[in-house]
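Tertiary structure, described
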Amino acid sequence: MTVYEVIDAKKRKDELTEAQLRFFVRAVADGSASDAQIAAFCMAVLLNGMTEEECFVLTDAMAASGERPARPPVTGVIADKHSTGGVSDSTTLVLVPVLCSLGIKCAKYSGRGLGHTGGTLDKLESFKGFRVGLTAEEFAAQIGRVGGAVAGQTEHTVPADKRMYAVRDVTATVDSIPLIASSVMSKKLASFADVILLDVKYGDGAFLRTAEEAVTLARLMVRIGARAGRKVSAAVTNMDAPLGDAVGCNAEVREAIAVLGGKKNALAELSLYLAGKLAEQALSLPEAEARARVAEAVASGAALNKLAEIVAAQGGDARAVYDPSLLPLAPEKTVVCAEGTGVLRIAARKLGEACLLLGGGRQHAEDGVDHTVGILLRKRAGERVREGEPVAEVYRRGAAEEALARVRAAFSYPKDYAPPALVYDYIRED
Ligand code: URA
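Residues numbered from 1 in each chain as written. Predicted model: local features only at pLDDT ≥ 70, side-chain atom pairs only at ≥ 80, totals over all residues. Heavy atoms only, no water.

1. Quick notes on the domain arrangement of the chain
For the record, the criterion: Start and end positions for the domains come from either an automated domain assignment or a database one.
In terms of domain boundaries, the chain breaks down into domain 1 (3–49), domain 2 (78–154 + 174–322 + 423–428) and domain 3 (328–412). Spacing between the C-alpha centres of domain 1 and domain 3 amounts to 41 Å.

2. Some details on the packing of aromatic side chains
The cut-off we apply is this: Between 30 and 60 degrees the pair is tilted, below 30 it is stacked and above 60 it is edge-to-face, where a pair is any two Phe, Tyr or Trp rings, Trp via its six-membered ring, whose centres lie within 6.5 Å. Helix numbers and strand numbers start at the N terminus; a helix is a DSSP run of H or I with at least 4 residues, a strand a run of E with at least 2. Placement of a positive charge over a ring is assigned whenever Lys NZ or Arg CZ falls within 6 Å of the ring centre and within 35 degrees of the normal to the ring plane.
This model, assessed by the stated rule, comprises 4 aromatic pairs. On the numbers, 5.8 Å between centres and 70 degrees between planes, the contact of Tyr 202 with Tyr 424 is edge-to-face. Of this pair, Tyr 202 sits in strand β4 (residues 195–202) while Tyr 424 sits in strand β14 (residues 423–428), and the two are 222 residues apart along the sequence. One aromatic cluster is present, formed by Tyr 109, Phe 139 and Phe 192 through successive ring pairs. For Lys 277, the ring lying beneath its charged end belongs to Tyr 426, and the centroid distance is 4.4 Å.

3. Let's talk about unusual backbone geometry
The criterion, for reference: To sort residues, take the accessible area from a 1.4 Å probe on protein chains only and compare it with the maximum for the residue type: under 20% means buried, over 50% means exposed, and anything in between is partly exposed.
Unusually for a residue other than glycine, Ala 172 sits at a positive phi of about 55 degrees. Considering the arrangement of structural elements, one finds Ala 172 in the loop between α8 (159–169) and α9 (177–190). For Ser 284, which is not a glycine, the phi torsion comes out positive at approximately 50 degrees. As for its position among the elements, Ser 284 is in the loop between α12 (266–282) and α13 (287–299). Judged by its relative accessible area of 63%, Ser 284 falls in the exposed class.

4. What to know about empty space enclosed by the protein
Which entries qualify depends on this criterion: Here a cavity denotes grid points, spaced 1 Å and computed from the protein atoms alone, that fit a 1.4 Å probe unable to get out, and a pocket denotes an open set having protein on both sides within 12 Å along at least 5 of 7 lines; residues with an atom within 4 Å of a point are the lining. Grid points are joined across faces, edges and corners, and a volume is the space filled by probe spheres set on the points. Residue polarity is assigned by list, with Asp, Glu, Lys and Arg as charged and Ala, Val, Leu, Ile, Met, Phe, Trp, Tyr, Cys and Pro as nonpolar; anything else, Gly included, falls into the polar class.
Applying the stated criterion across every chain yields a total of 4 cavities of 30 Å³ or more. If you add up the space inside the largest cavity, you get close to 160 Å³. For the lining of the largest cavity, the secondary-structure elements that each account for two or more residues are α6 (120–124), α11 (249–260) and α15 (348–358). Among the elements that take part in the lining of the largest cavity, α15 stands out by supplying 3 residues, more than any other. A breakdown of the residues in the lining of the largest cavity according to their chemical character gives 5 nonpolar, 11 polar and 4 charged. Two domains each provide a minimum of three residues to the lining of the largest cavity, namely domain 2 (78–154 + 174–322 + 423–428) and domain 3 (328–412). Looking at the second largest cavity, its volume works out to about 60 Å³.

5. Considering the pattern of salt bridges
Oppositely charged side chains are able to pair whenever their charged atoms sit close together. So the rule is basically this: What counts as a salt bridge is simple: a side-chain nitrogen of Lys or Arg found within 4 Å of a carboxyl oxygen of Asp or Glu.
Considering all chains together, one arrives at 34 salt bridges under this definition. Here Lys 10 ties to Glu 54 by a salt bridge, and the two come within 3.1 Å at their closest N and O atoms. Taken together, the residues span a long stretch of sequence, with Lys 10 in helix α1 (residues 3–11) and Glu 54 in helix α4 (residues 52–63) at a distance of 44 residues. Glu 54 shares its class with Lys 10; the two are buried. Across the pair Lys 277 and Glu 287 runs a salt bridge whose closest N-O atoms are separated by 3.4 Å. Residue Lys 277 is located in helix α12, and its partner Glu 287 is located in helix α13; the two are separated by 10 residues in the primary sequence. In this structure Lys 277 comes out as buried when scored by relative accessible area, which is 9%. Here the residues in one salt-bridge network are Asp 245, Glu 255, Lys 263 and Arg 380, joined through shared partners.

6. Comments concerning the sheet that holds strand β6 (residues 246–247)
The line we're drawing: For two strands to count as paired, DSSP must find a minimum of two bridges between them. Throughout, a residue-residue contact means that at least one pair of heavy atoms, one from each residue, lies within 4.5 Å. Working convention: axes come from line fits to C-alpha atoms, limited for helices to the stretch in contact. Angles between N-to-C directions cover 0 to 180 degrees.
The sheet built from 4 strands is open, its strands ordered β6-β10-β12-β7 with antiparallel pairing. The outermost strands of the open sheet, each flanked by one partner alone, are β6 and β7 (332–337). Bridge analysis of β7 against strand β12 (residues 390–396) gives 6 bridges, and the strand direction is antiparallel. Considered in β12, the bridge of Val 336 is made with Ala 392. Along the sheet, α15 makes contact with β6, β10 (374–377) and β12, crossing β10 at roughly 140 degrees.

Written out as structure tokens, the structure is:
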């Protein structure tokens, strides 16, 4: 068998056999498949699709392509949550401490921001000294000691996905449902969480634009998880407008801390909804009781204190959890005012792109990030605004003309507009 033959078969719309898929993934992981061959394979899958059986085998082979960290010797279930990527989405920073404070262990491998989407690892590095590069042993030990850890996957976990994702990113092959499903689920199956909640986003600021595509992806990932013996559920959620009122690392960390202190907005609503769904499964509780416990974890301050504990455990300056001045915003500020009168509509993708242009995101995986730049919204999507009213503040270094233009272009003022419901669907295999 050759890599060429596998690509050729997919090009001809054949259903690939288990042997062909495992051969291809081995060739990706050991370097014998070239980037050009990976690109051709991914484009053939994007155009011709995959059966569920093919997708399951591809995921399983990718999950087995590297090291699998050992499960720490803890009692009770271990939970994990994964979002397919969005703008102003700091749900992990809220959800993990909430769950840990309820005694639910959390093993969260997160990623860096890419393109217009923000990354949890970049946000955590807003805490001076925070180490995202834990070894598998440190990661497991922290889950036992503190209850949870959030870190980047090591070089050796799921190497097949690392190569395939890097190639997809530059060959317009990210938005393929079987490729997204195998990429996300291979990383979940390579780790040891028992209960996994996927936040599958759709809309302007997400990789998938329609709710129907997101539901298809969510169902596929839930079934892949079930076949692998994991409890996987998925929330399909809207990402037309940014989730919170802040875009940019320090600004988003401040906002997550505010939500743990009781602030109410869409970020709080979604984070606590997702935490409730995980608590329901992890503690086998009725939905209402799970939600009540989650609310109490915030009201009592236990979740906020748990965030400080996790930050300190990973070497970060936990004083910032109680003192936002340790998460500074960039020194130059521009207030952006409404250029029309109507109902505010906000395009999340443009704000994410603006943050990237300000230096707050990365265009290439190896780029650095300015944690202090960002955007604070003064009005939310769906609010009535009058021309001239302030709608946002942009924190920048230097002129940033292009970023400011992108921020202005993110706002429109239709006469009528109702933002879509935050949660479109919830999918669980019972
Ligand atoms: N997130 C992933 O991990 N992989 C994808 O393909 C898309 C989003």
